[in-house]
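Summary of the model geometry
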Amino acid sequence: MDRTSLIKGHLEMCVLSILSKEKSYGYEIMKELEEHNIKLKGVGSIYPILTKLKDQEWVNTYREMTESGKVRVYYEINEKGKMYLHKKITEWLELQKDIKSLLQNGLKGDLLE
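No experiment lies behind these values; they were computed from the predicted model shown.

1. With respect to the overall build of the protein
Along its length, the protein carries five helices and three strands. N-terminal to C-terminal, the α/β element order of the protein is α-α-β-α-α-β-β-α. Scored against the burial criterion, the 113 residues of the protein give a buried share of 27%. Within the protein, counting contacts between residues at least 6 apart in sequence, those at least 24 apart form 49% of the total. Total accessible area on the protein is roughly 8400 Å²; 52% of this is exposed by carbon and sulfur atoms.

Shown next as structure tokens:
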């Protein structure tokens, strides 16, 4: 099943959820999404999402030097981001409940079993 269009509107919530556990950087966040079968088009496709989260002031960023001498940008959810994430999770759970109710009331018999 191609879940890309279903997930697209919820990627910010997914990324913020990852960041609510610990700070992270782009490639690491993308790998975590993939572990949950949320696949992005390519490595670079995570950065527009992270830029939006930063522009909305839901995450803070800072740079750290890696052992190999590369500079890595880390993203960390802040209080404003936690409040937004909580709101989005609540909306998601309500929507999920409403859709489940609709499907259960609209379908008969073994279609839902």
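2. Quick look at the packing of aromatic side chains
All chains considered together, the criterion is met by three aromatic pairs. For the pair Trp58 and Tyr84, a centre-to-centre distance of 3.7 Å together with 10° between the ring planes defines the contact as stacked. One end of the pair, Trp58, is in the loop between helix 4 (46-55) and strand 2 (59-65); the other, Tyr84, is in helix 5 (residues 79-106), with 26 residues separating them in the sequence. The two residues Trp58 and Tyr84 agree in class, both being buried. Feature note: the residues Tyr25, Tyr62 and Tyr74 constitute an aromatic cluster, connected by ring pairs. The side chain of Arg72 reaches across the aromatic face of Tyr25, ending 3.8 Å from its centre.

3. Structural notes on the packing of helix 2 (residues 11-21) against helix 3 (residues 26-35)
It is at 10 Å that the axes of helix 2 and helix 3 come closest, and there the two elements cross at 110°. Our classification of the angle between helix 2 and helix 3 gives roughly perpendicular. The residues of helix 3 that touch helix 2, namely those facing Cys14, Val15, Ile18, Leu19 and Lys21, are Ile29, Glu32 and Leu33. Among the residues making up the contact of helix 2 with helix 3, the classes are represented as six nonpolar, no polar and two charged.

4. Some words on the packing of helix 2 against helix 4
Taken N-terminus to C-terminus, the directions of helix 2 and helix 4 make an angle of 80°; their axes are 10 Å apart at the nearest point. With respect to helix 4, the element helix 2 is oriented roughly perpendicular. Between helix 2 and helix 4, the residues in contact are Leu11, Glu12, Val15 and Leu16 and Ile46, Ile49, Leu50, Lys52 and Leu53, respectively. For the contact of helix 2 with helix 4, the per-class residue count stands at seven nonpolar, no polar and two charged.

5. Quick word on helix 3
Looking at helix 3, one finds that the buried residues are Gly26, Ile29, Met30 and Leu33. Along the axis of helix 3, the buried positions cluster into a sector of 100°, meaning they face one direction only.

About the criteria used
One numbering rule holds for all chains: residues counted from 1, following each sequence as written. Residues qualify for local features only when their pLDDT is at least 70, as the model is predicted, and side-chain atom pairs are given and counted only at 80 or more; totals for whole chains, interfaces and linings, by contrast, use all residues. Values reported for side chains reflect all heavy atoms of the structure, with hydrogen atoms and water molecules removed beforehand. Helix and strand assignments come from DSSP, with helices taken as H or I runs of at least 4 residues and strands as E runs of at least 2, each series counted from the N terminus. Using a 1.4 Å probe on the protein chains alone, a residue whose accessible area is under 20% of its type maximum counts as buried, one over 50% counts as exposed, and one in between counts as partly exposed. In this analysis, two residues are considered to be in contact whenever any of their non-hydrogen atoms come within 4.5 Å of each other. Accessibility throughout is a Shrake-Rupley quantity obtained with a 1.4 Å probe, and a residue counts as covered only by protein chains that appear here. Two aromatic rings from Phe, Tyr or Trp, using only the six-membered ring of Trp, form a pair when their centres are within 6.5 Å; if the ring planes differ by under 30 degrees the pair is stacked, by over 60 it is edge-to-face, and anything between is tilted. A positively charged side chain is recorded as over a ring if its NZ (Lys) or CZ (Arg) lies within 6 Å of the ring centre. The angle to the ring normal must also be within 35 degrees. In this analysis, axes come from line fits to C-alpha atoms, helices being fitted only over the stretch in contact, and the angle between any two N-to-C directions falls in the range 0 to 180 degrees. Put simply, angles under 35 degrees are roughly parallel, angles over 145 are roughly antiparallel, angles from 65 to 115 are roughly perpendicular, and the rest are oblique. Residue classes follow a fixed rule: Ala, Val, Leu, Ile, Met, Phe, Trp, Tyr, Cys and Pro count as nonpolar, while Asp, Glu, Lys and Arg count as charged, and any other residue, Gly among them, counts as polar. The arc in question is the one traced by the directions running from the helix axis out to the C-beta atoms.

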